[in-house]
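# Analysis of the macromolecular model
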Amino acid sequence: MQRRNEKKDDGFTPPQHIAVIMDGNGRWAKHRFMPRVAGHRAGLESAREIVKQCIKHNIKVLSLFAFSSENWRRPAQEVSYLMDLLLTGLEREVEVLHKQQVQVRFIGDRSRFSDILRSKIQDVECLTVNNTGLVLIIAVDYGGQWDICQAAKALARDAVAGLVNPDDITPEHLAQHLSYPDLPHPDLFIRTSGELRISNYMLWQLAYAELYFTSVLWPDFNAAEFEKALAHYAQRERRFGYCSEQLTES
Ligand code: FPP
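Here's a quick rundown of the structure. (Residues numbered from 1 in each chain as written. Predicted model: local features only at pLDDT ≥ 70, side-chain atom pairs only at ≥ 80, totals over all residues. Heavy atoms only, no water.)

Moving on, we get to the overall build of the protein. On a plain count of helices and strands, the protein comes out with eight helices and six strands. For the protein, the sequential pattern of α-helices and β-strands runs β-α-α-β-α-β-α-β-α-α-β-β-α-α. Dimensions of the protein, computed from the C-alpha atoms along their principal axes, are close to 55 × 50 × 35 Å. Across the protein, every contact between residues at least 6 apart in sequence was considered, and the portion connecting residues at least 24 apart equals 75%. Split by element, the accessible area of the protein, about 13100 Å² in all, is 52% carbon and sulfur. Distance from the positive charge centre (30 side chains) to the negative charge centre (32 side chains) of the protein: 5 Å. (Helix = DSSP H or I, 4+ residues; strand = E, 2+ residues; numbered from the N terminus. Contact = heavy atoms within 4.5 Å. Areas by Shrake-Rupley, 256 points an atom, 1.4 Å probe, with all protein chains shown as cover. Lys, Arg positive; Asp, Glu negative; His and termini not counted. Charge placed at Lys NZ, Arg CZ, Asp CG, Glu CD.)

Shown next, in the form of structure tokens:
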């Protein structure tokens, strides 16, 4: 278990998994008298830069919240633009990501996507499945409550099939049915744009994440801002329920 992030000779223990809410695209565009979609386009460039930074820092997992279960409520034109951006972004980036050994995974409910987007997602996942570098999780039509709910359904099916006794169910059983059971949970959560909310992102998995909020809007979140988030993380003492003295003794 990783408890402390204190400075070591070779730097600090980096987070294994960084989860990001890329917020503020709309405001970034508004400040420039541009349409909201221009903010999303600029946001995609920031996402690309942060992938690069994660590779540079040997981060194991980066998860980006690209579209929430609730984002369907946005104007139809914006939703359609975001879906197109996802599709064209994948088409444009997949070869580079593959060359960089990035394994791309998607989490969320795919049932409302177009056939073409669903099939592109599947192609990208298949192409990169054996890559051994950064795992890039893209959360689309994702919600933390949806994730827990689909895990509960799977567990209920196991109970009905007699595979597990309901009285023996533990948090670990449920966690095995969440979206990425084989990967570490986020150590560092970043949200841009000054909002201090988790907004139904990985509700279960963020239980012990260090939270970093910055007022910088996502399209302005660059390598230097990423370093600031890592520096914030480096100063945190991770206690996981222990008290500080116990950690010092060990
Ligand atoms: C929130 O900003 C951002 C989104 C809902 C979309 C995020 C999508 C991208 C950055 C592009 C796609 C990225 C990938 C990795 C495929 P907002 O629109 O809520 O901004 P506002 O709060 O200022 O209005």
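Structure shown, so let's carry the discussion forward.
Attention shifts here to helix H5 (residues 144-160). Since the α-helix packs 3.6 residues into each turn, any two residues three or four apart lie on the same face. Here H5 is 17 residues long and its end C-alpha atoms lie 24 Å apart, about the 24 Å a rise of 1.5 Å per residue gives. Taken together, the buried positions of H5 are occupied by Gly144, Asp147, Ala151, Ala154 and Leu155. All buried residues of H5 project into a common sector of 100° when viewed along the axis, lining one side. For H5, exposure combined with an orientation more than 90 degrees from the buried face picks out Gln145, Arg157 and Val160. Where H5 is buried, its residues meet strand E4 (135-142) and helix H6 (171-175). (Expected span 1.5 Å × (residues − 1). Buried < 20%, exposed > 50% of the residue type's maximum accessible area, 1.4 Å probe, protein only. Arc of directions from axis to C-beta.)

So, about the packing of helix H3 (residues 76-99) against helix H4 (residues 115-128). The contact between H3 and H4 brings their axes to 10 Å, and the two run at 15°. Relative to H4, H3 is oriented roughly parallel. The hand of the H3/H4 crossing is left-handed. Taken together, the residues of H4 that come into contact with H3 (itself represented by Met83, Leu86, Leu87, Leu90, Glu91, Val94, Glu95 and His98) are Ile116, Leu117, Lys120, Ile121, Val124, Leu127 and Thr128. (Axes fitted to C-alpha atoms, helices over the stretch in contact; angles between N-to-C directions. Parallel < 35°, antiparallel > 145°, perpendicular 65-115°, else oblique. Left-handed = near helix turned anticlockwise from the far one by under 90°.)

Now for the pairing of strand E6 (residues 210-213). Taking every second residue as pointing to the same face, the buried face of E6 carries Glu210 and Tyr212, while none of Leu211 and Phe213 on the other face is buried. Note that strand E5 (residues 188-191) and E6 share four bridges and pair parallel. For Ile190, the partnering residue across the bridge sits in E6 and is Tyr212. (Pairing = 2+ DSSP bridges.)

Take the site of the ligand next. Near the ligand there are 19 residues, and of these Asn25, Gly26, Arg27, Arg36 and Arg74 occur at the shortest range. Within the side chain of Asp23, an N or O atom sits 3.2 Å from an oxygen atom of the ligand. A distance of 3.0 Å is found between an oxygen atom of the ligand and a backbone nitrogen or oxygen belonging to Gly26. Taking 630 Å² as the accessible area of the ligand by itself, protein coverage stands at 89%. (Near = heavy atom within 4 Å. Polar contact = N/O pair within 3.5 Å; in protein donor to acceptor, adjacent residues only side chain to side chain.)

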